[in-house]
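# Understanding the architecture of this molecule
The chain contents come next:
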Amino acid sequence: MTIFVCKESVDDIFCGIYDAWMSRLGHKNVRLELTGGDSELFCEYREVVGDPQKAGKVADSIRKKLGETVYETVYEALLSWERGRADIVYRFLIHAFAVGPGILDRLQIPAVYELFRLARYVSRERHHYVEFVHFAEMEGGILIGKIEPKNDVVTLVAPHFSDRMPEENWILYDCRRKKAVVCQAGRGWVVVFADSQEWQARLEQATDERQFTRLWKTFHKSVAIEARTNYRCQRNMLPLRFRPMMVEFSPDSQ
């Protein structure tokens, strides 16, 4: 077994798919893994080197031969937090290029079902953060929002706010991955890796969050009906892992 080891970004995984496919070793004899996994005996490991041209060729092939819907589903699956996502996408593409654009309708194929499962989970988390992200205003009028998702959904959430706040300067920061989407008014948004000391100092600047959080929580409590409180239903509709980033559950403004 030959194992192609790639980094976690979408482009790096596309490069891994390209190298595994072009190795001509046979699909049954290769596997894709992400860096940081445990080594197995009697396996040959090949490190994948990132190459924008290789990644572009894979993306273009998916778009042209399978369609934009399949590409978007593959892209969402690759944003999953599951470490096996690279090989799942590789197995899916083996079937997809043989079947064609209608591959997503064949959920009876295990590889198709696994890809759909990953993409659906990512899409659901994106929907949660679109609904629950809140922004606070920093000095200079810049809006800052913070999230901590399991999956790498910050680039999926950003277009929603870019469409609704095109004339605002805002930052959406993924605390787990130290990555931020930065939007400049009227100029669109870009992704930056915000793990430097300068970025951390900027993200910790004072905001108006405490004042408005207190007002919002007061309103939230005033309209609540105590007799209809149902914590079990609340946990089903809103998992606990989303709450640290939500105003209603913030402990700092009690």
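Above this text you will find the structure in question.
The notes below deal with the structure included here. As the structure is a prediction and not an experimental result, all values here were calculated from the model. Once a new chain begins, its residue numbering starts again from 1 and follows that chain's sequence as written. In view of the model being predicted, local features appear only for residues whose pLDDT reaches at least 70, and side-chain atom pairs are presented and counted only at 80 or more, with totals across whole chains, interfaces and linings using the full set of residues. Excluded from the side-chain calculation are hydrogens and water; included are all heavy atoms of the structure.

For each residue, the accessible area found with a 1.4 Å probe, counting protein chains only, is set against the maximum for its type, and the residue is called buried under 20%, exposed over 50%, and partly exposed in between. Helix numbering and strand numbering both begin at the N terminus, where a helix is a DSSP run of H or I of at least 4 residues and a strand a DSSP run of E of at least 2. Among the 5 residues in strand 5 (residues 143-147), 4 count as buried, and that is most of the element. Any two strands between which DSSP finds at least two bridges are classified as paired. Where strand 4 (residues 135-137) lies against strand 5, 3 bridges are found, and the strand directions are antiparallel. Note that in strand 5 the partner of Glu137 across the bridge is Leu143. Following strand 4, the chain reverses through 5 residues before pairing antiparallel with strand 5; Gly140 in that reversal takes a positive phi of roughly 90 degrees. Where strand 5 meets strand 6 (residues 170-174), 5 bridges bridge the pair, whose relative direction is parallel.

Before going further, it helps to examine the pairing of strand 8 (residues 188-193). A regular strand places its side chains on the two faces of the sheet in alternate fashion. Where strand 7 (residues 179-184) and strand 8 come together, 6 bridges link them in antiparallel fashion. Opposite Ala180, over in strand 8, you have Val192 as the bridge partner. Linking two consecutive strands that pair antiparallel, namely strand 7 and strand 8, is a turn of 3 residues; a positive phi of about 75 degrees is found at Gly186 within it.

Turning to the packing of aromatic side chains, a few remarks are in order. Pairing of aromatic rings covers Phe, Tyr and Trp, the last through its six-membered ring, and needs centres within 6.5 Å; plane angles under 30 degrees mean stacked, over 60 mean edge-to-face, and all others mean tilted. Taken as a whole and judged by the stated rule, the model has 7 aromatic pairs. Considering the side-chain rings of Trp21 and Tyr90, the 5.8 Å spacing of their centres and the 80 degrees angle between planes classify their relative orientation as edge-to-face. Pair noted here: Trp21 is in helix 1 (residues 10-22) and Tyr90 is in helix 4 (residues 85-99), with a separation of 69 residues, a long-range link. When its relative accessible area of 25% is taken as the criterion, Trp21 is described as partly exposed. Residue classification places Tyr90 among the buried residues on the basis of a relative accessible area of 0%. Each residue in the set Phe14, Tyr71 and Tyr75 is aromatic and connected to the rest through ring pairs, giving one cluster. A ring is scored as having a charge over it whenever the NZ atom of a lysine or the CZ atom of an arginine sits within 6 Å of its centre and within 35 degrees of its normal. Note that Arg63 overlies the ring of Tyr71, its terminal NZ or CZ placed 3.9 Å from the centroid. The ring of Trp81 carries the charged tip of Lys150 above its face, separated from the ring centre by 5.3 Å.

Let us look at the sheet that holds strand 5. The strand order across the open sheet formed by 5 strands is 4-5-6-7-8, and the pairing between neighbours is mixed. The sheet terminates laterally at strand 4 and strand 8, the two strands that pair on one side only. For this sheet, the mean inter-axis angle between neighbouring strands, taken without regard to orientation, is 20 degrees. Bridge count between strand 6 and strand 7: 5 bridges; the pairing is antiparallel. Its bridge partner being in strand 7, Trp170 is matched across the sheet by Cys183. Should any heavy atoms of two residues lie within 4.5 Å, those residues are considered in contact. Only the contacting stretch of a helix is used when fitting its axis, a line to C-alpha atoms as for every element, and angles between N-to-C directions run 0 to 180 degrees. Docked against the sheet, helix 6 (residues 154-164) engages strand 4, strand 5, strand 6, strand 7 and strand 8, running at close to 160 degrees with respect to strand 6.

Here the focus is the sheet that holds strand 3 (residues 44-47). Across the sheet, which stays open at both edges, the 3 strands sit in the order 2-1-3 with parallel pairing between neighbours. Looking at strand neighbours, the two that pair on one side only are strand 2 (30-34) and strand 3, the edges of this open sheet. The mean inter-strand angle of the sheet, taken between neighbouring strand axes irrespective of direction, is 30 degrees. Across 4 bridges, the pairing between strand 1 (residues 2-6) and strand 3 is parallel. Paired with Ile3 across the bridge in strand 3 is Tyr45. Packing against the sheet, helix 1 makes contact with strand 1 and strand 2, and its axis sits at approximately 165 degrees to strand 2.

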